[in-house]
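Listed below are the residues making up each chain.
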Amino acid sequence: MATQLPPGIRLETVDDRIMTLNVGPQHPGSGHMRLIIKVDGDYIVSCDPDPGYVHRGEEKMAEYRNYIQNIPHLERPVIHDSSNILYPYCLAVEELLGIEVPERAKYIRVIAAELNRCIYILYWLAIYGIFLGHSTMFMWPAGDRELFIDLLEAMSGARVTHAYLVPGGVRNDLPANFEERCLRQVDYLEKRLKEYLAVFYKNPILISRTEGTGILSRTDAIRLGTTGSVLRASGVNFDIRKKEPYDVYENLDFETVVMKEGDSYARSYVPYLEMFESCRIIRDAIRKMPKSGSVRTKLKPNPKGGNDEVYKRVESGRGALGYYIVSNNRPEPYRVKISVGSFRNLICMPYLLKGELLGNMPAVYWSLNYWPVEADR
Amino acid sequence: MSTAGGIIRALNSGVKHLAIRRFTLRYPEQKLKFVGDGFQFNPETGVGIAGLRGRHILYHEHCTGCQLCSVACEGIAEAIGMVKVNETWKQNKKAIMPQIDYGKCVFCGLCVDACPFYALYMTNDYELSSFTKSALIYTPAQLAIKPRISQDVEIKIDDRGAAHG
């Protein structure tokens, strides 16, 4: 007998062989989101990601605060990449208010952003390691991350949520002897990163689990609109630091890391190689940075943006991160739209997981360089 | 590279770490040294002085009760409220000074940027835990106390690796 169902609800006819699994939202392997996975035996038939469990309304909150008061809460979505998530906001507000940034401040911002990128990638690598059952790869990056956190603490005064970048420059100048200390710790990190090769990346167990799983072809990567390391692991040479250089990136010497394979291994290897490029950028920026000078252009109290709109994007640890800000002659922005890399990379998950073993799900899922809190904003 | 060889190499690179000093900071016994005396503001350059953003310190002799720190905190944490004090300062006719609720403070330091009289700075004191919520509300008298700091451990990096102390 066909009963009348309430509107919006439909019955699903499911094969007896197919079982539905809810991975998350409280499962440690899913990270604040739910994956509705249908399995046939051990093979995934379909995967439906269900984000939104950590939605905080950052965009709406930004409409009630002025351009400076927005800084502390806008960096909350990715607290260990907080310089990079503030970077496009600062660039956008600077264009909106017509502020010039001092040359030294531009270099300091690049150093802060690259240190933060390393911190993010090491944290992500630690999680990737522990979800593949490799507890050494959890301990080592989590420990080595501490060195860069100490550097940013010396720069900004906070371990995470630095609130260091502001429209018009940075909050404070570098402390004394920062350059030497930074170079010493960057050298040490590079030495440590080389040790990761034998224990993790050249480890046959990791290779057998990740090589050839979740292959994303070059055309699919472009068609699905992925960004960041996922796009570069599929053989697309796209890095906003190269294609649309902001601040002083065009003066700095670095390469874009591109791999052709497009599998989980390549997606996890590209961020690792990018850390070496970040170290190169930091060294180059310290060499080219003006040794003294102003670091912040003072804003008027409660600055008003005109009737204008602006879009700025940067390359964050997870890919392109953009801010679209509309202002209407008021101290608060009229609308702030944050476009994040995590959400763009999430969309290829159903395509990648189809036909994979259920045991390979964490390897594919975390190789997407995905951060649930950022995707939900 | 053969599978067995790769596993042996992986184990070997981990085993090497048995001989290396451990990196972990043993926190309550050891405390990390920070640069400077906390986040402060330099009136000459108009920007902050690098330092840890910990608990605030309030200089009663500079505070005029202008409430700009409280205004700056509105919409961020709303941790700063202005309270009456039983002190007479000639620059502070209203005799009001900030009181900070550390249950709400996010330590962004924008109140330090906002203070035009350099009365509110931040210190290296970050151990603010308490058993009650009310003990986290620091009155102007408590904020005036200079914290006693014993942070002296630094990271040492040599050929054998990095270690604390």
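Computed from a predicted model, the values in this text were never measured in an experiment. (Residues numbered from 1 in each chain as written. Chains lettered and ligands numbered in written order. Predicted model: local features only at pLDDT ≥ 70, side-chain atom pairs only at ≥ 80, totals over all residues.)

1. With respect to the overall build of chain A
- For chain A, the count of helices and strands is 15 helices and eight strands.
- Taking 377 residues into account, the globule formula puts the C-alpha radius of gyration at 21 Å, and chain A, at 22 Å, falls close to it.
- Oriented by its inertia axes, the alpha-carbon framework of chain A measures out at about 75 × 55 × 35 Å.
- Looking at the 377 residues of chain A, the share that counts as buried comes to 52%. (Helix = DSSP H or I, 4+ residues; strand = E, 2+ residues; numbered from the N terminus. Rg over C-alpha atoms; globule rule 2.2 N^0.38 Å. Buried ≥ 20, exposed ≤ 12 C-beta atoms within 10 Å, placed from the backbone.)

2. A short note on the domain arrangement of chain A
Residues and elements named next belong to chain A.
- When cut into domains, chain A gives domain 1 (18-50) and domain 2 (58-376).
- Listed by partner, the interface residues are 12 residues for domain 1 and 14 residues for domain 2.
- Here the residues of the side of domain 1 that touches domain 2 sort into six nonpolar, four polar and two charged. (Domains from an automatic or database assignment. Contact = placed C-beta atoms within 7 Å. Nonpolar A, V, L, I, M, F, W, Y, C, P; charged D, E, K, R; others polar.)

3. Some words on the environment of Val14(A)
All names here are of chain A.
- Mapped onto the elements, Val-14 comes out in the segment before strand S1 (18-23).
- Residue Val-14 is classed as exposed on the basis of its C-beta count, with 10 C-beta atoms lying within 10 Å.
- Placed 24 residues apart in sequence, Val-14 and Lys-38 show a C-alpha to C-alpha distance of 9.9 Å.

4. Brief notes about unusual backbone geometry
- Here the phi dihedral of Thr161(A) falls at roughly 45°; this positive angle occurs in a residue that is not glycine.
- Accessibility expressed as a C-beta count within 10 Å gives 21 for Thr161(A), which makes it buried.
- Positive phi, close to 60°, is recorded for Phe107(B), a residue that is not glycine.
- Mapped onto the elements, Phe107(B) comes out in the loop between strand S5 (96-101) and helix H3 (110-114).
- Classification of Phe107(B) by C-beta neighbours within 10 Å gives buried; the count is 21.

5. Things to note about the packing of helix H5 (residues 136-156) of chain A against helix H6 (residues 178-201) of chain A
Residues and elements named next belong to chain A.
- Running from amino to carboxyl end, H5 crosses H6 at an angle of 170°, the nearest separation of the two axes being 11 Å. On the basis of the axis angle, H5 is roughly antiparallel to H6. Counting all contacts with H5, which are made through Thr-136, Met-137, Trp-140, Asp-144, Leu-147, Leu-151, Ala-154 and Met-155, the residues of H6 involved are Phe-178, Cys-182, Gln-185, Tyr-188, Leu-189, Arg-192, Tyr-196, Val-199 and Phe-200.
- Looking at the contact of H5 with H6 residue by residue, the classes come out as 13 nonpolar, two polar and two charged. (Axes fitted to C-alpha atoms, helices over the stretch in contact; angles between N-to-C directions. Parallel < 35°, antiparallel > 145°, perpendicular 65-115°, else oblique.)

6. Notes on the interface of chain A and chain B
- At the junction of the two partners, chain A supplies 32 residues and chain B supplies 30 residues.
- At the level of elements, H5 and H6 of chain A are the ones that each hand at least two residues to the side of chain A that touches chain B.
- With seven residues, H5(A) is the single largest residue contributor to the side of chain A that touches chain B.
- For the side of chain A that touches chain B, the residue count by class is 15 nonpolar, seven polar and 10 charged.

7. Digging into the environment of Cys73(B)
- Structurally, Cys73(B) is set in helix H2 (residues 68-73).
- Those residues in contact with Cys73(B) that sit more than four places away from it in its chain are Glu78(B), Ala79(B), Ile80(B) and Cys111(B).

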